[in-house]
Amino acid sequence: MTSSSPDSSTDDALAPAELTERLDGLEVGDTVTVNDRELPYEVVETDAYSLVAADPNGHRVTISQNLQSGGWTINEPVFDVESLEE
């Protein structure tokens, strides 16, 4: 994953509950951006505590929830999710 702003700050990070609300609303086929990344991801699989998404190059990532903290991760803390389906 490449970042459009490598020095992006988590100062504007969404609360875990807000992230959960946004992720819960996603369905297979929806397109999202994560943590200000340049490439969008298409949701290819969902379950109660995670989702799998793929970028246009076929790179797949799993976004999963830590059930103890309520936070979401992709090999780094997830601090923003934006739907492109509006």
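Residues numbered from 1 in each chain as written. Predicted model: local features only at pLDDT ≥ 70, side-chain atom pairs only at ≥ 80, totals over all residues. Heavy atoms only, no water.

Asks: Just give me the short version of the confidence of the model for the protein chain, but keep the residues and values in it.
Replies: Residues shown with low pLDDT carry predicted positions that ought not to be read at fine detail. In the predicted model, the protein chain carries a mean pLDDT of 83, and the fraction of residues at 70 or more is 84%. When pLDDT is averaged over each element of the protein chain, strand S2 (residues 41-47) comes out on top at 94 and strand S6 (residues 81-83) at the bottom at 87. (pLDDT = per-residue confidence, 0-100. Helix = DSSP H or I, 4+ residues; strand = E, 2+ residues; numbered from the N terminus.)

Asks: Which residues make up the sheet that holds S2, and what values do they have?
Replies: Two modes of strand pairing occur in sheets, parallel and antiparallel, and in both the strands are linked by backbone hydrogen bonds. In spatial order, the strands read S5-S4-S3-S2-S1-S6; together these 6 strands make up an open sheet with antiparallel pairing. Of all the strands in the sheet, the pair left with one neighbour each is strand S5 (72-73) and S6. (Pairing = 2+ DSSP bridges.)

Asks: Explain the nonpolar core to me, and be specific about the residues and the numbers.
Replies: Among the nonpolar cores identified, the biggest contains 15 residues, and Leu23, Leu51, Ile63 and Val78 are the most heavily contacted of them. If we ignore the near neighbours within four places in the chain, the residues touching Leu51 are Leu23, Leu26, Val43, Glu45, Thr46, Val61, Thr62 and Ile63. (Core = buried A, V, L, I, M, F, W, Y, C linked by side-chain atoms within 4.5 Å. Buried < 20%, exposed > 50% of the residue type's maximum accessible area, 1.4 Å probe, protein only. Contact = heavy atoms within 4.5 Å.)

Asks: So what's going on with unusual backbone geometry? Residues and values would help.
Replies: Even without being glycine, Asn35 reaches a positive phi, approximately 50 degrees. Here Asn35 lies in the loop between strand S1 (31-34) and S2. One non-glycine residue with positive phi stands out, namely Asp36, at about 60 degrees.

Asks: Lay out the pairing of S1 with the relevant residues and their values.
Replies: Where S1 and S2 come together, 2 bridges link them in antiparallel fashion. When the sheet's bridge partners are listed, Thr31 is paired in S2 with Glu42. Counted between consecutive antiparallel strands, the loop separating S1 from S2 contains 6 residues, among which Asn35 sits at a positive phi close to 50 degrees. Across 3 bridges, S1 lies against S6 in antiparallel orientation.

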